[in-house]
Amino acid sequence: MSTTDTSTTDTSVTEVPRRRRLEPDERREQILDCAIRMFGERPYAAVSTSDLAKDAGVARGLINHYFGTKRDLYLEVVRAMVGVPPMETVKLPTGSVRHRVGVSVEWLLKSIEAHGATWVAVTGSEGVGADPEVQRILDDADQAAAERVLEIVGITGEPNRDELIAMIRAYGGMAKSAGREWIVRGSLTRDQVGTMLTDLLVTLIAETFPKLR
């Protein structure tokens, strides 16, 4: 007695969803995000555009297309790490001086926390070295950050504005060192760094600034 095999073989093919084609701005942002991470993981000399392209899943030519050379890409990383958001995108805090200072310090801590190793590298000596263009970007960022602090705490139209700006820039240097203690050495916690930077800036504004008037 024979039996008939009525089973059928499924010959259908499951279609793999196609990857969405990224827009140019999205592709550029993808490359930049990979570069931010990689420059935080390795010294500048150990990062190659080939590795960056592989990590970003793009052809190496796209890096040249969007950024130029590896150094040009690194300069974009520096700008991304230290840039101050445009005023039109920021809602200035209100309330007491301490509250307003606390908001600005918290913004800094979040920036450090997001890209700790890369932030430390580009603001310190671990990056590309003594590069005048990098230094110009850092200096411009320090100036912009100092001016933003004065805006946040409501100090405008001061005749000795240049001296106040210089003091805030000096404070910024200590903030970078505090970030290094937190991220690299682990000798301070995030909360300790936040408390220290808030207390020092409040003291600078409430006690030191009036002595210049």
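What counts and what doesn't
- Residues numbered from 1 in each chain as written.
- Predicted model: local features only at pLDDT ≥ 70, side-chain atom pairs only at ≥ 80, totals over all residues.
- Heavy atoms only, no water.
- Axes fitted to C-alpha atoms, helices over the stretch in contact; angles between N-to-C directions.
- Helix = DSSP H or I, 4+ residues; strand = E, 2+ residues; numbered from the N terminus.
- Parallel < 35°, antiparallel > 145°, perpendicular 65-115°, else oblique.
- Left-handed = near helix turned anticlockwise from the far one by under 90°.
- Contact = heavy atoms within 4.5 Å.
- Nonpolar A, V, L, I, M, F, W, Y, C, P; charged D, E, K, R; others polar.
- UniProt positions renumbered as here; feature names shortened; annotations may be inferred.
- Phe/Tyr/Trp six-rings, centres within 6.5 Å; stacked < 30°, edge-to-face > 60°.
- Buried < 20%, exposed > 50% of the residue type's maximum accessible area, 1.4 Å probe, protein only.

## Comments concerning the packing of helix α4 (residues 70-82) against helix α7 (residues 132-153)
Two elements in contact, α4 and α7, have axes separated by 10 Å at closest approach and are oriented at 15°. Comparing the axis directions of α4 and α7 gives the class roughly parallel. Here α4 and α7 pass one another in a crossing that is right-handed. Residue-level inspection shows Arg71, Tyr74, Leu75, Val78, Arg79 and Val82 of α4 in contact with α7, the latter providing Glu133, Val134, Arg136, Ile137, Leu138 and Ala141. Its residues assigned to classes, the contact of α4 with α7 comprises eight nonpolar, no polar and four charged.

## Here we look at the UniProt feature "DNA-binding region" (unreviewed entry) in the protein chain
Per the UniProt record, the feature "DNA-binding region" (unreviewed entry) sits at residues 48-67. Helix makes up 75% of residues 48-67 and strand 0%, with an end-to-end C-alpha separation of 14 Å.

## Quick word on the packing of aromatic side chains
Tallied over the full model, the rule gives three aromatic pairs. Note on phenylalanine 39 and tyrosine 44: the rings are 5.8 Å apart at their centroids and 10° apart in plane angle, and the pair reads as stacked. In this structure phenylalanine 39 comes out as buried when scored by relative accessible area, which is 4%. Aromatic pair tyrosine 44 and tyrosine 74: ring centres 5.2 Å apart, planes at 75°, arrangement edge-to-face.

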